[in-house]
Amino acid sequence: MNTTKRLTWAAVFLAASIHTFSTSAQAADDATVAAEKEQELLAVLHSDAPAAEKAIACKGLAIYGSSKAVPDLAKLLPNPQLSSWARIALEVIPGDASDDALRKAAGSLNGLLLVGTINSISFREHAKAVDLLAKKLHDTDAQVASAAAVALGHIGNNAATKSLRAGLASVSNNVRSAVAEGCVLCAERLYSKGDTVVAAEIYDDVRNADVPKQRILEATRGAILARSQKGIPLLLELFQSKDKAMFQLALGTVREYPGNSVDTFLPAEVTRATPDRAALIIQAMADRPRFVILSAVLKAAEQGPKQVRLSAIDALRRVGDDSCLSTLLEIAVGSDAELAQAAKETLGDLPGPNVNDEIVILLPTSKGKTQTLLLQLVGQRRINAVEEVEKTLGHSDKTVRSAALIALGETVSLEKLDVLISQVLAPRHSDDAAVARQALKAASVRMPDREGCAAKLAAALRRSSPDSKTALLEILSVVGGKKALQTLATAAKSKDPQLQDDGSRLLGKWNDLDVAPVLLDLAKTAPAEKFRIRALRGYIGVARKFAMPERQRVEMCQNAFNVATRIDEQKLLLDVLKLHASPQGLQLATKAMGTRPLKPAATQAALAIAQKLGGKGVNVKELLSGAGLDNVKLEIIKAEYGAGASQKDVTVLLRKRASNLPLITLASTSYNASFGGDPAPGVKKKLRIQYRINGKPGESSFAENALIVLPMPE
Amino acid sequence: MPKKATRQSRRRFLKSAASAAGAAVVAPTIIPSSVMGLNGAVPPSERVIVGGIGIGRRGGYDLSCFLPQEDVQFVAVADIKQKRRGEVKKIVDTHYGNEKCETYRDFRDVLDRSDIDAVLIATGPNWHATAAMTAAKAGKDMYCEKPVTKNISQSLILADTMRRTSRVFQAGTQRRNLPHFAFACELARTGKLGKLKKVYAHPAGMQAMMSGWLVPEEQPDKDVVDWDMYLGPAAWRPFNKKLLDGFNFEKGGGFVGAFRGGGVLEWGSHCVDLCQWAVDDCLPPVEYNARKDGELMARYENGTQLIFREKGWIPLGSCPVRFEGETGWVEAGDSGKMVLSSPELLAGREVEEIGGYPATFHVRDFLDCVKTRRQPKGNAQAACNAHIACHAANIALLLDRQVKFDNATNTFIDDAEANRLRSEALREPWRL
């Protein structure tokens, strides 16, 4: 058995073992089954199996191994190839045996293998290894000493902590960073247990040590949080630090700070800081939504450097409330476009339970830009204030009326839809018509009860002017549903040419399969030919673009063929069949070849469909037999089969197989078998053919083993 | 209401609403650019200096999102492949019109540079967590491709490390910054769908991700391909080109060979992450059941179910999700479209249909957070929770039975087998 096969076998065996064990675990004696699996895996380790198999066995022992497996795994620790595999199991096997084995190995190994072993001791947080690790802090190999330091940090007991704190001063320079890392880990552990005093001391040790800046940052963060309220001065010191990293640490740490004691100090920091920093402090303040001093943010939004104001306005989007409304409204209608835009965006999202009520209260007494803005906010925030908004529809200013209409579009319920319908049918100002239609459309498409909505629109249709009728039909077409479809169909078959035009046009764009029978009927019975053609084209479009069973699609195409009198639509149908290749579609295309003017296009389509189907393994020869394909003069100019630079010339072979049809059958369905071998093993290959049909040159390529149907050259 | 009908109404609504409002959209940007000082040329002192680690095909896409940012200066790339180092340098140098992008074989050389603020980690998944934590300890912020971790233990340590080091970490879960996904998750999070009952993730298969120990082949020169560095934290094995260039070496949660499980991570790190967002980034599910009829059902503490669907995507493009509440539901996918139980759920909002890309929003979120020190959308804790859900599901798949997870102790309850699969030793000298 070669290595690869043995490895595969081992892996499959192991996978099957897990499955068998797992599913039978409830009924069987788990321990017995696990012991059996362990024994089988250990047998691999004991054998002369290749390292690959032993590696996989180690992986299995990570699940099934017990202390019994530890000695065999430990033997692999000095093996550079298998040490890491052995540690996968040793790290997770419960009990002292693994700990003892790793600790013992750490006493004899060196270099990278020792580092790995120490890392596993670290993962297991093996307390008995502290003495050993403490000694390793002074190992001449910096990697070993650093691993020991971090391991001590993970163990984090008193002894480990003590050795690390001492080590901060005594270890070599290139190990001190790891010792600091270990100290921070110890301090974290103490902090989480509530021993914040000692934790703070350790953080301070690190802050005062000669260690890389990142260690200082970590310790500073810890020193602030561990001291709780007493850490605030240090935090504020960072806000004022000239060091960018320290300032950034303050921004991060303040977001973590528990309780509200720090928040009262932050407004002063905003005032003290440069604008770019103040803008960032405000963002940090807003990320403490429970404790933020809102008045300070609001004040920053009102006045001061623009960058700070923009930050504050943005922050109010998250932490503001109705108390910010008047300020934001003032900024939003102010002269500074950038500030105004920011304020508008914030007003759209301003939180707080009373904001909407306040906006409605302000609306009747507002004027000019503010009134328009409030109406916009009614729409944006979807505030139910139809009656108040309706009162502004008669305003002399078109901007106000437009804002009111748009707000209604966003807010009216189905019961109140007539408010907008009446504005479409008879707007108080003629130049409001377009906006009214837009608003009615916006309202209609969001109605949960679209049949109810369509019924209202359909009823309005009967009493509307010709222009309005078109608008209502267009809205109905985007509302969708049965009533809307029925209304459009009725319009398309009415006596009014305008309604016929609108109805057939909108039905042609209808985005649902339900429209198919309506369009087919219209294609047969519409009052004018141009609308019959439009309906037929719409019907063909439905067959083309919607997902449906292929049998249904072919049936639709057959229906359309029955109605189509012009070659243009017949060709469109052939395109549909080509796009959605199916055996039934091929039959329909070959049937179309019987229509003389359509024969060239139908032949082309049939061959294209056949080629697609052949690539999917469909037996198209049978389907094409008796199709009445015209004989052609086929010449093979050149043919190559292969991939990349590995090409095989198969010209002669294909010439022998060529006939008087644009279809070439090979001796076998396999190209490799037909062409006498595989020119590029393991790689996807293609067959490329240059040819002439009836003197016209063509070129085509085929995926491996695809049916060879040569497209008719144009 | 039939799903089909609602989808059409909504699509039309979005289209018409967008055109009516002059194509106004809900931009996912968190902080106005003016706050970040981006209204004009960005002085060198305010730029985020970025280095790349392992920039291949996916990383190249990420790079194309970083380079156009006015406040980014990309200065270095580290890769174990000489060819890639050269290719990335050429892209970067061409973009800036200079020859200044430095190349390194060992990513630690990038981390040693004090001028570099942040790194883009787009290695294979074998390296993501280890490289990210090494970078954090070196004082770098990072945008790290997904899946971020190889097992539950790494997920927990990642979140701890980023918190302790106060670094900004953004997982490459870019859908968290796409408006339609954000909107769908917001509906679920804020109770607009009623009490949440089920969230569906479509990991597009839950098959094994093969890795293992293949037949030895001649090892290239270290400068051409540094095989030892490629293996990194993964257990040793000889050079084999299929492992080098194959798909996602050692992704499957450390489950090698013909073991089952592991496949949830590829798409799960996206779609499960979105489900986690929908449940307001709560702790991961506490119960994971065996796969049945192509689904794996997990359950959160509050009873909400997380369903992993093995086959098929709902017709909304790749990476679709579905959130079901007592009063409504929503589906969203990479096509950029949403389907809702009622158009009312849109509540007058306009949500741009932009598909699963670009990731530029996500990169922008990261860069903004580097400056503000806010937690980005794909932060380490969020990534940790989503990845634990994926890893636990993988373990249930591997064991082919139910497993129960205790979020307080981060252990499987009374389950020695499952607990042993929470972690995997790293090859020397790597540690987390």
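Owing to the predicted nature of the structure, the values given are computational and were not obtained by experimental measurement.

How each quantity is defined
As a convention, each chain's residues are numbered from 1 in the sequence order in which they are written. Numbering of ligands from 1 and lettering of chains from A proceed in the order in which they are written. Only residues with pLDDT of 70 or above have their local features reported here, since the model is predicted, and side-chain atom pairs are shown and tallied only from 80 upward, although totals for entire chains, interfaces and linings are computed over all residues. Runs of H or I in DSSP of at least four residues are treated as helices and runs of E of at least two as strands, each being numbered from the N terminus. Our exposure labels follow a C-beta count within 10 Å of each residue's own C-beta, placed from the backbone: buried means 20 or more other C-beta atoms, exposed means 12 or fewer, and partly exposed covers the counts in between. Contacts are defined on C-beta atoms placed from the backbone: any two residues whose C-beta positions lie within 7 Å are in contact. The reference for a compact globule is 2.2 Å times residues^0.38; the radius of gyration itself is calculated from the C-alpha atoms. Two strands qualify as a pair provided that DSSP identifies no fewer than 2 bridges between them. Axes, fitted as lines to C-alpha atoms, cover a helix only where it is in contact. Angles between the N-to-C directions of the axes lie from 0 to 180 degrees. A set of buried Ala, Val, Leu, Ile, Met, Phe, Trp, Tyr and Cys residues, joined through C-beta atoms within 7 Å, is what we mean by a nonpolar core. Note on angle classes: values under 35 degrees are labelled roughly parallel, values over 145 roughly antiparallel, values of 65 to 115 roughly perpendicular, and the remainder oblique. Throughout this entry, Asp, Glu, Lys and Arg are counted as charged residues, while Ala, Val, Leu, Ile, Met, Phe, Trp, Tyr, Cys and Pro are counted as nonpolar. The remaining residues, Gly among them, count as polar. Rotating anticlockwise by less than a right angle from the far helix to the near helix defines a left-handed crossing, while the corresponding clockwise rotation defines a right-handed one. Per-residue confidence from the prediction method is given by pLDDT, with values spanning 0 to 100.

In this section: the overall build of chain B. A count of helical and extended segments in chain B gives 13 helices and 15 strands. Put simply, chain B has 432 residues, and 59% of those count as buried. For chain B, the proportion of contacts with a sequence separation of at least 24, taken over those separated by at least 6, is 72%.

Our focus in this paragraph is the overall build of chain A. Within chain A one finds 40 helices and 6 strands. Taking 27 Å as the expected radius of gyration for a compact globule of 714 residues, we find that chain A reaches 40 Å, considerably beyond that expectation. Its C-alpha atoms give chain A principal-axis dimensions of about 100 × 90 × 55 Å. In chain A, buried positions account for 48% of the 714 residues.

All names here are of chain B. What the 6 strands build is an open sheet, ordered β3-β2-β1-β4-β5-β6; its pairing is parallel. Lying at the two open borders of the sheet, with one neighbouring strand each, are β3 (102–104) and β6 (169–171). With strand direction ignored, the average angle separating the axes of adjacent strands in the sheet is 20°. Sheet analysis places strand β2 (residues 72–78) next to β3, joined by 3 bridges and oriented parallel. When the bridges of β3 are listed, Ala 78 appears paired with Tyr 104. Sitting on the sheet, helix α3 (residues 82–96) is in contact with β1 (48–53), β2 and β3, with an inclination near 165° to β2.

Residues and elements named next belong to chain A. Pairing of strand β1 (residues 634–643) with strand β4 (residues 686–693) involves 8 bridges; the strand directions are antiparallel. What sits directly across from Gly 642, in β4, is Lys 686. With 8 bridges joining them, β4 and strand β5 (residues 696–703) adopt antiparallel strand pairing. From the neighbouring strand, Tyr 691 faces β5, where its bridge partner is Gly 698. The loop that links β4 with its antiparallel partner β5 comprises 2 residues; one of these, Asn 694, has a positive phi angle of about 50°.

Attention shifts here to the pairing of strand β7 (residues 196–201) of chain B. Residues and elements named next belong to chain B. As judged from the 5 bridges shared by β7 and strand β11 (residues 321–325), these two strands associate in the antiparallel manner. Note on β11: the bridge partner recorded for Tyr 200 is Arg 322. Alignment of β7 against strand β10 (residues 305–309), held across 4 bridges, turns out to be parallel. What sits directly across from Ala 201, in β10, is Phe 308.

What follows concerns the nonpolar core. Counting residues in hydrophobic clusters, the biggest one holds 243 residues, and the most contacted among them are Ala89(A), Ile282(A), Val297(A), Leu316(A), Leu420(A) and Leu507(A). When sequence neighbours within four positions are dropped, the list of residues in contact with Val297(A) reads Ile282(A), Met285(A), Ala286(A), Val292(A), Ala312(A), Ala315(A), Leu316(A) and Val319(A). By size, the runner-up hydrophobic cluster in this structure holds 115 residues, among which are Val48(B), Val77(B), Val119(B) and Leu346(B).

What follows concerns the sheet that holds strand β8 (residues 287–288) of chain B. Residue and element names in this part refer to chain B. The sheet built from 9 strands is open, its strands ordered β13-β12-β11-β7-β10-β9-β8-β14-β15 with mixed pairing. Two strands close off the open sheet at either side, each with one partner strand: β13 (338–340) and β15 (411–412). Across the sheet, helix α7 (residues 179–189) touches β7, β11, β12 (329–332) and β13, and the angle it forms with β12 is around 160°. Across the sheet, helix α10 (residues 264–278) is in contact with β7, β10 and β11; its angle to β7 comes to roughly 155°.

Before going further, it helps to examine the packing of helix α9 (residues 142–155) of chain A against helix α11 (residues 173–193) of chain A. All names here are of chain A. Put simply, α9 and α11 touch, their axes get as near as 7 Å, and they point 10° apart. On the basis of their axis angle, the class for α9 and α11 is roughly parallel. Side by side, α9 and α11 meet where Ala 142, Ala 145, Ser 146, Ala 149, Val 150, Leu 152, Gly 153 and His 154 of the first sit next to Asn 174, Val 175, Ala 178, Val 179, Glu 181, Gly 182, Cys 183, Leu 185 and Cys 186 of the second. Considered class by class, the residues forming the contact of α9 with α11 number 11 nonpolar, 5 polar and 1 charged.

Glancing now at unusual backbone geometry. Omega for the peptide link from Lys146(B) to Pro147(B) comes to -10°, which places this bond in the cis form. Examined against the element boundaries, Pro147(B) turns out to sit in the loop between β5 (141–144) and α6 (152–165). Between Glu428(B) and the following residue, Pro429(B), the backbone shows a cis peptide bond with an omega angle of 5°. With respect to the helices and strands, Pro429(B) occurs in the segment after α13 (416–420). Not every positive phi belongs to a glycine, and Ser228(A) is a case in point at roughly 50°.

This paragraph deals with the packing of α10(B) against helix α12 (residues 380–399) of chain B. Residue and element names in this part refer to chain B. Taken N-terminus to C-terminus, the directions of α10 and α12 make an angle of 125°; their axes are 9 Å apart at the nearest point. Taken together, α10 and α12 sit at an angle that is classed as oblique. Considering the relative orientation of α10 and α12, their crossing is right-handed. Where α10 approaches α12, its residues Val 264, Leu 265, Gly 268, Ser 269, Val 272, Asp 273 and Gln 276 are matched on the opposing element by Ala 382, Asn 385, Ala 386, His 387, Ala 389, Cys 390, Ala 393 and Asn 394.

So, on to helix α30 (residues 482–492) of chain A. The complete set of buried residues in α30(A) reads Ala484(A), Leu485(A), Thr487(A), Leu488(A), Ala489(A), Ala491(A) and Ala492(A). Elements in contact with the buried residues of α30(A): α28 (450–461), α29 (466–479), α31 (497–508), α32 (516–525) and α33 (529–545) of chain A.

All names here are of chain A. With respect to the helices and strands, the residue Pro 80 is situated in the loop between α4 (70–75) and α5 (83–90). Here Pro 80 falls in the exposed class, since 12 other C-beta atoms lie within 10 Å of it. In this structure, the C-alpha to C-alpha distance between Pro 80 and Leu 112, residues 32 residues apart in sequence, is 8.9 Å.

Right, let's get into the environment of Glu529(A). Within the secondary structure, Glu529(A) is located in helix α33. Each C-alpha atom, one on Glu529(A) and one on Met447(A), is 36 Å from the other, the two residues being 82 residues apart in sequence.

Residue and element names in this part refer to chain B. Per-residue confidence for chain B averages 86 on the pLDDT scale, and 84% of its residues sit at or above 70. Confidence drops under pLDDT 50 across residues 1–29; counting only partners more than four residues distant or on other chains, this segment forms 59 contacts. Counting contacts from residues 256–260, a segment whose pLDDT is below 50, to residues more than four positions away or on other chains yields 21 contacts. Scoring the predicted complex yields pTM 0.83 and, for the interface, ipTM 0.91.

This paragraph deals with the confidence of the model for chain A. Residue and element names in this part refer to chain A. Per-residue confidence for chain A gives a mean pLDDT of 92, with 95% of residues at or over 70. Across residues 1–10, where pLDDT falls below 50, the model places 17 contacts with residues more than four positions away in sequence or in other chains. Confidence over residues 20–27 falls short of pLDDT 50; this stretch has 9 contacts with residues more than four positions distant or in other chains.

Our focus in this paragraph is the environment of Arg427(B). By the element assignment, Arg427(B) lies in the segment after α13. Arg427(B) gets classed as buried once you count the C-beta atoms within 10 Å, which come to 23. Sequence-wise, Arg427(B) and Leu231(B) are 196 residues apart; in three dimensions their C-alpha atoms are separated by 8.5 Å. In contact with Arg427(B), not counting residues within four places along its chain, are Ser84(A), Gly116(A), Leu231(B), Pro233(B), Ala234(B), Ala235(B) and Trp236(B).

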